[in-house]
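# Reading the structure
Now for the letters of each chain:
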Amino acid sequence: MAAPRTTTALVLPEINGQFELQEVRLNDIQPDEVLVEIEASGICHTDLSCAIGLLPCRPGAVLGHEGAGKVLSVGSASTTHLSPGDSVLLSFSHCESCASCLSGHPAYCHSFNARNFSGCRPLPVLPDGTVDSASLKCDPFTADPNFATFVTPDDGGGKPIFSQFFGQSSFARHTLVHKSCCVKVPQGTNLALFAPMGCGMQTGAGAVLNSLGVKPGSSIAVFGVGSVGMAAVMAAAHIAKAKTIIAIDLQASRLELAKKLGATHAVLGGNGKDMKGEVRRICPPVGVDYAVDCTGSVAVIKTMIDVLGTRGRAATVGAPGFGKEVGVDVMEHLTYGKEYVGSCEGDSLPKEFIPFLIEQHAKGNFPMDQFVTFYDFKDYKQALEDSHKGKAIKAVLKW
């Protein structure tokens, strides 16, 4: 089957603008890439944050980082574990060679930000992971289309498009994906259902199981029960076997679903509620053993740290944007022995953790099908609106 030269993609013409379905042109495949025909892609809060400029983006972007599909062709350096016809779920890009990648923690790849947020093929980086701008002969974002996986369909070569977002830019019918993103799954896997595994599901579950290491019989508070928070609730209840799971959100309907999925308590936030007092009432005398923030709100993160009990551990998975800070009462942190950590992608090794979560779904321990809503790609406006309003907890676009 001949590789397509053009394809349809969901393009963001302007920051804080409206997405549009447009024709784009695929660049030539590189040795470390795989051409994938996308069958489905989840809509993640990170996509929406980039679209409004909270996270790095540029006009004309093709976003999407929870893709799933079939491999059409592979680059010369990608043939060791991938072949045409393979079914793949797509996750984040990582270099596969730095200390973090080699130790099984690719979410902390030294070049994670450069590879996943730059909107182009991997750039040369310094040892600390920052882009080595001095080695670039021109601006890769505007002057050199070879750094882009998508270009405009103009005559004369086309202009580079913000692409290979998280190594994939899966808001497209066909896309060139960095090989490190690909998780091969068995033929017959429900690709549309499991597309969100590539980010949201592994992030929430991984925060509980990997970053925090929640223990059986313990207590945990989950702030924000969108799709990531629901994943955290399910993992805490059915896999980690926590005893007390407190779901906290601003929407009563989400709290009801969280209780069905394993939360033992539900707390409706807002209206100046004394959250520290409420959590201590449920988990006396001083608070919870663990907590995870899925909102990215600095104020909520501060509250999350406050509700920790003695030697409690908390993790942030929500992305507030670069440069945001949160204050900590150092003496309380010290005398209670609290810990606060970041959790990127749930500290997951996707090629192992995603199959594990699919297995847990088959056992009934990870019923993510309870909150996934499918939309045809042409109905993307409705999907985006439902996601923004909270009507759809996890929207998945299908071709």
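To keep things clear, this report deals only with the structure shown in the data block. (Residues numbered from 1 in each chain as written. Predicted model: local features only at pLDDT ≥ 70, side-chain atom pairs only at ≥ 80, totals over all residues. Heavy atoms only, no water.)

In this section: the packing of helix α5 (residues 200-211) against helix α11 (residues 350-362). Helices that pack against each other are described as a pair by the angle of their axes relative to one another and the distance between those axes. For the pair α5 and α11, the least separation of the axes is 11 Å and the interaxial angle reads 95 degrees. Taken together, the axis directions place α5 and α11 in an arrangement best described as roughly perpendicular. Across from M201, Q202, A205, G206, L209 and N210 in α5, the residues of α11 making contact are P350, F353, I354, F356 and L357. The residue inventory of the contact of α5 with α11, partitioned by class, reads eight nonpolar, three polar and no charged. (Axes fitted to C-alpha atoms, helices over the stretch in contact; angles between N-to-C directions. Helix = DSSP H or I, 4+ residues; strand = E, 2+ residues; numbered from the N terminus. Parallel < 35°, antiparallel > 145°, perpendicular 65-115°, else oblique. Contact = heavy atoms within 4.5 Å. Nonpolar A, V, L, I, M, F, W, Y, C, P; charged D, E, K, R; others polar.)

As a further point, take helix α9 (residues 298-306). Taken together, the buried positions of α9 are occupied by I301, M304 and I305. Along the long axis of α9, the arc covered by the buried residues comes to 95 degrees, so they all point the same way. Its buried side turned inward, α9 meets β10 (219-223), β13 (288-293), β14 (308-316), α10 (330-336) and β15 (339-342). (Buried < 20%, exposed > 50% of the residue type's maximum accessible area, 1.4 Å probe, protein only. Arc of directions from axis to C-beta.)

Along the polypeptide, L126 turns up in the loop between α3 (112-117) and β7 (150-151). Look at L126 and you get partly exposed, because its relative accessible area is 38%. Between the C-alpha atom of L126 and that of S111, which follows or precedes it by 15 residues, the distance is 8.7 Å. Ignoring any residue separated from it by four or fewer positions in sequence, one finds L126 in contact with V131 and D132.

Here we take up the packing of aromatic side chains. Here a ring pair, both rings aromatic, is described through the centre-centre distance and the interplanar angle of the planes. Under the defined criterion, the tally for this structure stands at ten aromatic pairs. Put simply, the rings of F92, F112, F117, F162, F165, F166 and F322 touch in pairs and so form one group of aromatic residues. Taking NZ or CZ as reference, K338 lies 5.6 Å from the ring centre of Y336, over its face. (Phe/Tyr/Trp six-rings, centres within 6.5 Å; stacked < 30°, edge-to-face > 60°. Lys NZ or Arg CZ within 6 Å of the ring centre and 35° of its normal.)

Once that is clear, we can look at unusual backbone geometry. Glycine aside, negative phi is the norm for most residues, and most peptide bonds take the trans geometry. Omega for the peptide link from P284 to P285 comes to 0 degrees, which places this bond in the cis form. Position of P285 relative to the elements: it lies in the loop between α8 (275-282) and β13. The phi angle at E345 is positive, at roughly 55 degrees, despite the residue not being glycine. Along the polypeptide, E345 turns up in the loop between β15 and α11. Positive phi, normally seen in glycine, also occurs at D347, with a value near 45 degrees. When you line up the elements, D347 lands in the loop between β15 and α11.

Looking now at the environment of S135. One can find S135 in the loop between α3 and β7. Look at S135 and you get partly exposed, because its relative accessible area is 40%. C-alpha separation for the pair S135 and A242, spaced 107 residues apart in sequence, amounts to 50 Å.

Along helix α12 (residues 380-389), the residues that are buried comprise Y380, A383, L384, D386 and S387. Seen along its axis, α12 keeps its buried residues to an arc of 165 degrees; they face one direction. More than 90 degrees from the buried face of α12, the exposed residues found are K381, H388 and K389. Buried positions along α12 lie against β1 (6-12), β2 (20-26), α1 (45-51), β16 (372-376) and β17 (394-398). In the stretch just after α12, G390 is the one whose phi turns positive, near 85 degrees.

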